[in-house]
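# Survey of secondary and tertiary structure
The chain contents come next:
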Amino acid sequence: MIWIADSTGVFTQLELKGPIQISGTLPTQFGGMDILQTVSLEAPALSGTLPLQFGKMEQLTEIEIGGSLLSGTLAPELGDKRKSQLQSVYLAPTAISGT
């Protein structure tokens, strides 16, 4: 797991990538991290559904999900231009869906 801070020391990026020893489901509390701008979930052992609380992450500009066993739908709020700053979505071999 990698946390990346901006110049003020605030963590704005979360990366779960590669052969790291993290497994299980994502807790709904991830959605409460509304300061995150980039979330990358590409760890093969991650499973379960993507918390709908991700829709509350209004600062999120980029989300990458791939190479994991995550499933479910993307929160509809992520596609709402009035509430979301999302600019880039990357979904590779995964069971995530949404419009």
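Here's what I pulled together on the structure shown here. Please read these numbers as outputs of a predicted model, since none were measured by experiment. (Residues numbered from 1 in each chain as written. Predicted model: local features only at pLDDT ≥ 70, side-chain atom pairs only at ≥ 80, totals over all residues. Heavy atoms only, no water.)

## Re the overall build of the protein
Within the protein, the secondary structure is distributed over zero helices and eight strands. For the protein, the N- to C-terminal ordering of α and β elements is β-β-β-β-β-β-β-β. Looking at the protein residue by residue over its 99 residues, the buried ones come to 34%. Pairs at least 24 apart in sequence give 52% of the contacts found in the protein among residues at least 6 apart. A total of about 5,700 Å² of accessible surface is found on the protein, and carbon and sulfur atoms cover 54% of it. (Helix = DSSP H or I, 4+ residues; strand = E, 2+ residues; numbered from the N terminus. Buried < 20%, exposed > 50% of the residue type's maximum accessible area, 1.4 Å probe, protein only. Contact = heavy atoms within 4.5 Å. Areas by Shrake-Rupley, 256 points an atom, 1.4 Å probe, with all protein chains shown as cover.)

## A look at the environment of Gln59
Structurally, the position occupied by Gln59 is in the loop between β4 (47-49) and β5 (62-65). As for Gln59 and Leu36, which are separated by 23 residues in sequence, their C-alpha atoms are 6.2 Å apart. Each residue touching Gln59, except ones within four places of it in the same chain, is listed here: Asp34, Ile35, Leu36, Gln37 and Gln85.

## Considerations on the environment of Glu77
Inspection of the secondary structure assignment puts Glu77 in the loop between β6 (69-73) and β7 (88-91). When the C-alpha atoms of Glu77 and Gln53 are compared, they prove to be 9.5 Å apart, with 24 residues separating the residues in sequence. Discounting chain neighbours no more than four positions away, the residues touching Glu77 are Gly55 and Ser84.

## Brief notes about the nonpolar core
Inside soluble globular proteins, nonpolar side chains tend to come together where they are buried. Formed by 21 residues in total, the largest nonpolar core has its most connected members in Leu26, Leu41, Leu50, Phe54 and Ile65. Residue assignment for this core shows that the elements contributing at least two residues are β2 (11-17), β3 (38-42) and β5. Leaving out residues up to four positions away in the same chain, Phe54 has contacts with Phe30, Gly31, Val39, Leu41, Ile63 and Leu78. (Core = buried A, V, L, I, M, F, W, Y, C linked by side-chain atoms within 4.5 Å.)

The values are spatial; any link to function lies outside them.
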